[in-house]
Amino acid sequence: MKRLLYSIILAFICMYAFAQFNPTNCTSWVINPSFESGIDDGWTNSGMKTQTNDESSAAKTGWTYAEKWVEAPNTLPDSYVQQTIKGLPNGTYELSATCHAEVQGTSTAPTGVFLFAGEEVVEVSATKRYKINITIESGEVTIGFKCVNTNANWMTVDHFQLIKTDGGLRTSAATPLNRGLMAINLATSGGTGNPLSW
């Protein structure tokens with residue numbers, strides 16, 4: 001009987017630990033992450049717009065992406081699209097998005113275009129998935145895409161994703177994991193706290 005109880009509790013602990021440590025997709029916290037319902041749905045926008053064309057270098061997933069473009073050799077004014085996500089469980093996260101920045105008609109590398117989350121930024125150039133690792137301690141974070149003093153004349157972004165990478169395992173003695181361990185101890189010790197051998 002003790003062996004059966006031990007096995008049941010151990011299975012519960014393993015399932016709980018897996019769920020807690022397994023990365024969790026939190027993209028549902030992001031409103032309109034791929035701009036499919038327009039750039040003003042969930043986002044604060046300064047100077048950008050949505051686009052549906054199929055330019056090969058554009059960061060596009062689905063039907064719509066967000067962009068800022070001016071004719072070269074002009075350069076983009078400071079622009080951004082961002083949103084603040086509130087009520088998130090504290091912990092570590094990975095923000096990613098498909099991004100692109102370009103100085104059209106030249107081989108010059110673009111500068112001054114960024115994917116950002118809170119104070120963390122990653123500079124954008126060729127079209128690909130860009131990622132940022134962040135720690136959230138206040139339950140909220142502002143995410144987005146921006147250019148500041150850029151030399152680019154075109155930038156695009158699409159398909160934001162937010163993944164909780166630490167699973168949010170709590171350390172309190174009252175967690176289900178610790179309660180399970182205590183239950184195993186009691187079950188195998190006859191209630192004495194000193195595990196029996198078998």
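Up top is the structure these notes are about.
**Q** Any details on the overall build of the chain? Residues and values, ideally.
**A** Looking only at helices and strands, the chain has two helices and 11 strands in total. Starting at the N terminus and walking to the C terminus, you meet the elements of the chain as α-β-β-β-β-β-β-β-β-β-β-β-α. In the chain, the share of contacts with a sequence separation of at least 24, taken over all contacts with a separation of at least 6, comes to 74%. Surface summary for the chain: the accessible area is close to 10,600 Å², and the carbon and sulfur share equals 55%.

**Q** Please set out the sheet that holds strand β5 (residues 79–86) residue by residue, giving values where relevant.
**A** The antiparallel open sheet is built from five strands, whose spatial order is β2-β5-β10-β7-β8. If you trace the sheet from one side to the other, it starts and ends with β2 (44–46) and β8 (120–123), each paired once. The average angle at which neighbouring strand axes cross in this sheet is 15 degrees, direction not considered. The sheet contact formed by strand β7 (residues 113–117) and β8 spans four bridges and is antiparallel. When the sheet's bridge partners are listed, alanine 117 is paired in β8 with glutamate 120.

**Q** Just give me the short version of the side chain of threonine 98, but keep the residues and values in it.
**A** Along the polypeptide, threonine 98 turns up in strand β6 (residues 91–102). At 2.9 Å, the side chain of threonine 98 and the side chain of arginine 129 are in polar contact. Residues in contact with threonine 98, not counting those within four places in the same chain, are Ala59, Thr61, Thr127, Lys128, Arg129, Thr156, Val157, Asp158 and His159.

**Q** Break down the pattern of salt bridges for me, citing the residues and quoting the values.
**A** Within this structure, the stated rule accounts for two salt bridges. Note that lysine 60 is salt-bridged to aspartate 54, the shortest N-O span being 2.6 Å. Relative accessible area serves as the criterion here: at 65%, aspartate 54 is assigned to the exposed category. Notably, a salt bridge pairs lysine 164 with aspartate 166, separated by 2.6 Å at the nearest N-O pair.

**Q** A description of the environment of glutamine 51 should follow, citing residues and the corresponding values.
**A** Secondary-structure assignment places glutamine 51 in strand β3 (residues 49–51). Once the C-alpha coordinates of glutamine 51 and glycine 38 are considered, the two residues, 13 residues apart in sequence, prove to be 9.4 Å apart. Residues in contact with glutamine 51, not counting those within four places in the same chain, are Trp63, Thr64, Tyr65 and Glu67.

**Q** Can you tell me about unusual backbone geometry, naming the residues and giving the values?
**A** Going from alanine 72 to proline 73, the amide bond is cis rather than trans, its omega being 10 degrees. Counting through the fold element by element, proline 73 comes out in the loop between β4 (65–69) and β5. The backbone of asparagine 32 sits at a positive phi, close to 55 degrees, despite the residue not being glycine. The topology assignment puts asparagine 32 in the loop between β1 (24–25) and β2. We note that phenylalanine 35 has phi near 65 degrees; this positive angle belongs to a residue other than glycine. Inspection of the secondary structure assignment puts phenylalanine 35 in the loop between β1 and β2. With relative accessibility at 0%, the residue phenylalanine 35 sits in the buried group.

**Q** I'd love a proper account of the packing of aromatic side chains, names of residues and values included.
**A** Counting across every chain of the model gives three aromatic pairs. Ring geometry for phenylalanine 35 against phenylalanine 160: centres 6.2 Å apart, planes inclined by 70 degrees, an arrangement best described as edge-to-face. Here phenylalanine 160 lies in strand β11 (residues 154–164) and phenylalanine 35 lies in the loop between β1 and β2, a separation of 125 residues in the sequence. For the pair formed by phenylalanine 35 and phenylalanine 160, the shared burial category is buried. In textbook terms, an aromatic cluster arises when at least three aromatic residues are bridged by ring pairs, as seen for Phe35, Trp43 and Phe160. For lysine 146, the ring lying beneath its charged end belongs to phenylalanine 116, and the centroid distance is 5.0 Å.

What counts and what doesn't
- Residues numbered from 1 in each chain as written.
- Predicted model: local features only at pLDDT ≥ 70, side-chain atom pairs only at ≥ 80, totals over all residues.
- Heavy atoms only, no water.
- Helix = DSSP H or I, 4+ residues; strand = E, 2+ residues; numbered from the N terminus.
- Contact = heavy atoms within 4.5 Å.
- Areas by Shrake-Rupley, 256 points an atom, 1.4 Å probe, with all protein chains shown as cover.
- Pairing = 2+ DSSP bridges.
- Axes fitted to C-alpha atoms, helices over the stretch in contact; angles between N-to-C directions.
- Polar contact = N/O pair within 3.5 Å; in protein donor to acceptor, adjacent residues only side chain to side chain.
- Salt bridge = Lys/Arg side-chain N within 4 Å of Asp/Glu carboxyl O.
- Buried < 20%, exposed > 50% of the residue type's maximum accessible area, 1.4 Å probe, protein only.
- Phe/Tyr/Trp six-rings, centres within 6.5 Å; stacked < 30°, edge-to-face > 60°.
- Lys NZ or Arg CZ within 6 Å of the ring centre and 35° of its normal.

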